[in-house]
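A closer look at the structure
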Amino acid sequence: MICEECQKNEATLHFTKIINGQKKEMHLCDECARDKGEHLPGSTGYSIHELLSGLLHGDHPFDQQSSHPSSSSRRKPLVCPECGLSYQQFIDKGRFGCVHCYESFSLKLDPIFRRVHGGNVRHHGKVPKRTGGKMQMKRQIQQLRNQMEMHVEKEEFEEAAKIRDQIRELEMKMENKEGGE
Amino acid sequence: MSLDQFINEAISPWMKKNCKEEDDIVLSTRIRLARNLENFPFPIAASDHSASTLLHYVSKVLSEPYDESIGKLELIQMNDLSPNEKRVLVEKHLISPHLAEESNYGAVMLSQDESISIMINEEDHIRLQCLFCGFQLNEGFVLSNGLDDWIEGKVTYAFDEKRGYLTSCPTNVGTGLRASVMMHLPALVLTKQLNSIIPAINQIGLVVRGIYGEGSEALGNIFQISNQMTLGKSEQDIIEDLRGVVIQLIQQERSARQSLLSHSRIQLEDKIFRSYGLLANSRIMESKEAANRLSDVRLGIDLDLIHGISGNILNELMILTQPGFLQQYAKKALTPAERDIERAKLIRDRLHLEKENK
Ligand SMILES: [Zn+2]
Ligand SMILES: [Zn+2]
């Protein structure tokens, strides 16, 4: 197989990259992989945490002391009401103080997570059983909806109708579950 | 205490279990899960009261046995240990330096064979770790996942639909999973191939680092390969991606060994036997030199050049010749210069022991 980057060398590295749930097959030669790797976080191969604080610091233009005194005095610092950690402290330490920090700083977190986790901002792994039933159903319904749309596009209405019934059934189950909890 | 006995007690039972084929290259596998409880601030922001309440609560909940084969976990509180005792646990990879040095109401719960270690009040409330000898990603994942389910049945984890398991550090959020494999890659280092492979590995979200030594050094040619990303991939995908890379590295290391043997056999033999001679006869041995000589000897054993010494000697002596263990063996504090003498002696005795047992 030929490297998809340079279309020249034999590809020696084959892997699947997942960015926000989208799988992408990659086939690269050593050279291109090295070139690409150098622009990615972590390519130096050493401490994740050191890397992180660098990343965090590069990403808070709004929190820099403003050169306009009037605007900086008007702006309230972003603070987690639950544990008292400010966004600036979070950036300095590279650690959240409590679970609620995630909500308190939520507007600023996507770019950070994207950099640290290769473009991902959403969890795609294990779900605790206590929330599991409902969430798994939600995901299943979403998948079925996608399938249904596909069938509709191809004008396969019979198939689409079957899937619609499945979706209804799942939605009913979910409502019952919510009522029961 | 005789050296025999000391080693027996010092080396975790999980390390002595029989491993599989690939274990000439993969030394050990570790799975780690980071978990936090709802309704408690993370350790970094916790008051003494909150930290001690959490420790009491979690250790109580985990005091019932998980299953019969594993038995009861033993609780060890950091406050009850001397600095050297903590150091020894760090050298055995059973606790992190952070838990030993900086935690408030920090503790660890250990299974009898030391393959399971659950740190409490580390950077996260719970850090669950499973250690296996050799290349056992699946086994490690199944065990850690089962333990995680068990704990989840007893406490309420902090979990968010969008972000997954919430952790104190943004680098662990999502699955909270860090899977890592410890590999001995002397031929890839010797043939200078590893430096060009590492960026390619980084490209797929995996990190390669030395575990002994500081900075870019990898003493003893021992490397840890682990996932960097914890958010956006499922646990299974994380494990599979890591496994794929490790298998490729094993093949590349094997072929580098073969090409060394066929192109520069006498030079390789010379290097290996020189190191053997030094380990068997030196009176002063710095840790850096010890690590690199031990790596040579281990390579010699793997290539069937050195006979009558167990391959375990590398992992074992890498741990036993760390400062904490040396001081435990000597039963007193040692200056760095005294450690180098003690280290040389311990290695000589250990090699001698192998011969006696033959
Ligand atoms: Zn290429
Ligand atoms: Zn908070």
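Keep in mind the model is a prediction, meaning the values are calculated, not measured. (Residues numbered from 1 in each chain as written. Chains lettered and ligands numbered in written order. Predicted model: local features only at pLDDT ≥ 70, side-chain atom pairs only at ≥ 80, totals over all residues. Heavy atoms only, no water.)

**Things to note about the overall build of chain A**
Helix and strand counts for chain A stand at eight helices and two strands. Listing the helices and strands of chain A from first to last along the sequence gives β-β-α-α-α-α-α-α-α-α. Burial status across chain A gives 34% buried among its 181 residues. For chain A, the share of sequence-separated contacts (at least 6 apart) that also reach a separation of at least 24 residues comes to 40%. (Helix = DSSP H or I, 4+ residues; strand = E, 2+ residues; numbered from the N terminus. Buried < 20%, exposed > 50% of the residue type's maximum accessible area, 1.4 Å probe, protein only. Contact = heavy atoms within 4.5 Å.)

**Details of the coordination of the zinc ion (ligand 2)**
All names here are of chain A. Bound to the zinc ion (ligand 2) are the protein donor atoms Cys-80 (SG), Cys-83 (SG), Cys-98 (SG) and Cys-101 (SG), situated 2.3 to 2.4 Å from the metal. Classification of the site at the zinc ion (ligand 2) as tetrahedral follows from its four donor atoms and the range of 98 to 125° in their angles at the metal. Motif for the zinc ion (ligand 2), donor spacing along one chain: C-x2-C-x14-C-x2-C. With respect to class, Cys-98 is no different from Cys-101; both count as buried. (Donors = N, O, S within 2.8 Å, 3.2 Å for Na, K, Ca; no water. Tetrahedral: all angles 85-135°; square planar, octahedral: opposite > 155°, others 65-115°.)

**Some details on the confidence of the model for chain A**
All names here are of chain A. Predicted confidence across chain A gives a mean pLDDT of 73, with 61% of residues reaching 70 or more. Per-residue pLDDT, averaged within each element of chain A, yields its smallest value for helix H3 (residues 69-74) (44) and its largest for helix H5 (residues 101-104) (94). Counting contacts from residues 37-50, a segment whose pLDDT is below 50, to residues more than four positions away or on other chains yields 31 contacts. Note on residues 59-74: pLDDT is under 50 here. Beyond four places in sequence and across chains, it has 15 contacts. (pLDDT = per-residue confidence, 0-100.)

**Details of the pairing of strand S3 (residues 107-110) of chain B**
All names here are of chain B. Covered by surrounding structure in S3 are Ala-107 and Met-109 together with Val-108 and Leu-110, the residues of both alternating faces. Bridge count for strand S2 (residues 74-77) against S3 is four bridges, and the pairing is antiparallel. By the bridge assignment, Leu-75 is partnered in S3 with Met-109. Pairing analysis gives four bridges linking S3 to strand S4 (residues 116-120), with the strands arranged antiparallel. (Pairing = 2+ DSSP bridges.)

**Some remarks on the sheet that holds S4(B)**
Residue and element names in this part refer to chain B. Read from one edge to the other, the open sheet built from eight strands follows the order S2-S3-S4-S5-S1-S8-S10-S9, with strand pairing classed as antiparallel. Strands at the two margins of the open sheet, each flanked by one partner only, are S2 and strand S9 (206-210). For this sheet the average axis-to-axis angle between neighbouring strands, irrespective of direction, equals 20°. Packed onto the sheet, helix H6 (residues 137-152) meets strand S1 (26-35), S4, strand S5 (126-133) and strand S8 (177-184) and runs at close to 150° relative to S5. (Axes fitted to C-alpha atoms, helices over the stretch in contact; angles between N-to-C directions.)

**Here's the deal with the packing of aromatic side chains**
Across all of its chains, the model carries ten aromatic pairs over all chains by this definition. Where Phe159(B) meets Tyr165(B), the ring centres are 5.0 Å apart and the plane angle is 70°; that geometry is what we call edge-to-face. Taken together through their ring pairs, the aromatic side chains of Tyr87(A), Phe90(A), Phe96(A), Tyr102(A), Phe105(A) and Phe113(A) make up a single cluster. We note Lys108(A) situated over the ring of Tyr87(A); from NZ or CZ to the ring centre the distance is 4.7 Å. It is Arg35(B) that lies over the ring of Tyr157(B); its NZ or CZ is 5.6 Å from the centre. (Phe/Tyr/Trp six-rings, centres within 6.5 Å; stacked < 30°, edge-to-face > 60°. Lys NZ or Arg CZ within 6 Å of the ring centre and 35° of its normal.)

**Considerations on the confidence of the model for chain B**
One rule of thumb: low pLDDT means the predicted coordinates there are not for detailed reading. Per-residue confidence for chain B gives a mean pLDDT of 91, with 96% of residues at or over 70. Among the prediction metrics, the complex's ipTM stands at 0.86, with pTM recorded as 0.77.

**Some details on the side chain of Arg339(B)**
Residues and elements named next belong to chain B. On the secondary structure map, Arg-339 appears in helix H13 (residues 336-357). In this structure Arg-339 is buried but unpaired, with Asp-340 as the nearest side chain of opposite charge at 6.9 Å. Residue contacts for Arg-339: discarding those within four places in its chain leaves Arg-87, Pro-323, Leu-326, Gln-327 and Leu-334. (Lys, Arg positive; Asp, Glu negative; His and termini not counted. Salt bridge = Lys/Arg side-chain N within 4 Å of Asp/Glu carboxyl O.)

**Thoughts on the pairing of S5(B)**
All names here are of chain B. Counted residue by residue, S5 has eight buried out of eight residues, so it is predominantly covered. By the bridge criterion, eight bridges tie S1 to S5 in an arrangement that is antiparallel. When the bridges of S5 are listed, Thr-29 appears paired with Phe-132. Looking at chain direction, S4 and S5 are connected through five bridges and run antiparallel. Across the sheet, Ile-116 pairs through a bridge with Cys-130, a residue of S5. The hairpin formed by S4 and S5 contains five residues between the paired strands, and Asn-121 there has a positive phi angle of roughly 60°.

**Structural notes on the UniProt feature "domain: UVR" (unreviewed entry) in chain A**
The feature "domain: UVR" (unreviewed entry), as given by UniProt, occupies residues 138-173 of chain A in the numbering adopted here. For residues 138-173 of chain A, the helix share is 92%, the strand share is 0%, and the end-to-end C-alpha distance is 11 Å. (UniProt positions renumbered as here; feature names shortened; annotations may be inferred.)

**Remarks on the environment of Cys98(A)**
Mapped onto the elements, Cys98(A) comes out in the loop between helix H4 (87-93) and H5. For Cys98(A), a relative accessible area of 4% gives the class buried. Distance from Cys98(A) to Gly84(A), taken between C-alpha atoms, is 9.3 Å for residues 14 residues apart in sequence. Contacts of Cys98(A), omitting those with residues within four sequence positions, involve Cys80(A), Glu82(A), Cys83(A), Pro41(B) and Phe42(B).

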